Amino acid sequence: MTNSCIFCKIASGEIQADLIYQDELFVAFHDLAPQAPVHVLIIPRTHYSSLLDVEDNSILSGLLATAQKISRQMDVAESGWRSIINTGQDGGQTVMHLHLHLLGGRFMQWPPG
Ligand code: AMP
């Protein structure tokens, strides 16, 4: 945990969020500013500043496996959904704790902005 990281604080329960799933390694909660009817953020409990910092492949596979699980829980598995990991400045990352956006419940345009 890093003291100033808001997602670390959500994972530890220090800051409240609208949690929809948690296990030993991952936490999922609704995004504060949803961009689709379903907009969930999935984070590892361990602090990684971005995708670039993860050396443990089990975290990467676990993140995607959790996204599969959440897509079923949120009832978008069959209709389809998009997973996004913004990385770094040009990637549009604003919170420096690895997170996967799971978006669904409407048709997703391509290309993204
Ligand atoms: P990114 O731009 O990829 O770093 O995404 C950060 C996301 O975190 C944005 O979609 C924000 O709306 C969301 N966010 C920031 N703070 C919170 C919070 N306290 N609870 C839920 N979502 C948050």
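Higher on the page you've got the structure.
The structure presented is a predicted model; accordingly, all values stated were derived computationally and were not measured.

Bringing the packing of aromatic side chains into the picture now. Going through the model one piece at a time under the given rule, you end up with one aromatic pair. With a centroid separation of 5.4 Å and 75° between ring planes, the pair formed by F7 and F29 is classed as edge-to-face. Within this pair, whereas F7 is found in helix α1 (residues 6–12), its partner F29 is found in strand β2 (residues 26–30), the two being separated by 22 residues in sequence. Across this residue pair, the class does not change: F7 and F29 are buried.

Moving on, we get to the site of the ligand. Taken together, the neighbourhood of the ligand is formed by 16 residues, with D31, N86, T94, H99 and H101 sitting nearest. Separating an oxygen atom of the ligand from a backbone N or O atom of G92 is a distance of 3.1 Å. At a separation of 2.9 Å, an oxygen atom of the ligand approaches a polar backbone atom of V95. Expressed as a share of its isolated accessible area of 510 Å², the protein-covered part of the ligand is 83%. Those elements that provide at least two residues to the shell around the ligand are α1 and β2. Here the shell around the ligand gets three residues from one element, more than from any other, and that element is α1.

Among the nonpolar cores identified, the biggest contains 17 residues, and A28, V40, I42, I70 and L102 are the most heavily contacted of them. Every element with two or more residues in this core is listed here: β1 (19–22), β2, β3 (38–44), α2 (57–73) and β5 (100–104). Once you skip the residues sitting within four places of it in the chain, V40 turns out to touch I20, A28, F29, H30, D31, I70, M74, L100, H101 and L102. Among the nonpolar cores identified, the runner-up in size contains nine residues, and C5, V27, F29 and I43 belong to it.

A word on the side chain of S50. Inspection of the secondary structure assignment puts S50 in the loop between β3 and α2. Residue class for S50 comes out buried when judged on its relative accessible area of 8%. Of the polar contacts made by the side chain of S50, one reaches the backbone nitrogen of L52; its length is 3.1 Å. Apart from residues no more than four positions distant in its own chain, S50 is found in contact with T87, Q93 and L98.

Further remarks concern the sheet that holds β1. Strand pairing in a sheet is mediated by backbone hydrogen bonds. Such pairs are either parallel or antiparallel. Taking strand neighbours across the sheet as the criterion, the five strands line up as β1-β2-β3-β5-β4 in an open arrangement whose pairing is antiparallel. The sheet is open, and its two edges are formed by β1 and β4 (81–84), each paired on a single side. Strand-to-strand twist across the sheet, computed as the mean angle between neighbouring axes with direction ignored, equals 20°. In the packing of α2 onto the sheet, the strands contacted are β1, β2, β3, β4 and β5, and the crossing angle to β3 comes to about 150°.

The rules behind each value
Residues numbered from 1 in each chain as written. Predicted model: local features only at pLDDT ≥ 70, side-chain atom pairs only at ≥ 80, totals over all residues. Heavy atoms only, no water. Phe/Tyr/Trp six-rings, centres within 6.5 Å; stacked < 30°, edge-to-face > 60°. Helix = DSSP H or I, 4+ residues; strand = E, 2+ residues; numbered from the N terminus. Buried < 20%, exposed > 50% of the residue type's maximum accessible area, 1.4 Å probe, protein only. Near = heavy atom within 4 Å. Polar contact = N/O pair within 3.5 Å; in protein donor to acceptor, adjacent residues only side chain to side chain. Areas by Shrake-Rupley, 256 points an atom, 1.4 Å probe, with all protein chains shown as cover. Core = buried A, V, L, I, M, F, W, Y, C linked by side-chain atoms within 4.5 Å. Contact = heavy atoms within 4.5 Å. Pairing = 2+ DSSP bridges. Axes fitted to C-alpha atoms, helices over the stretch in contact; angles between N-to-C directions.

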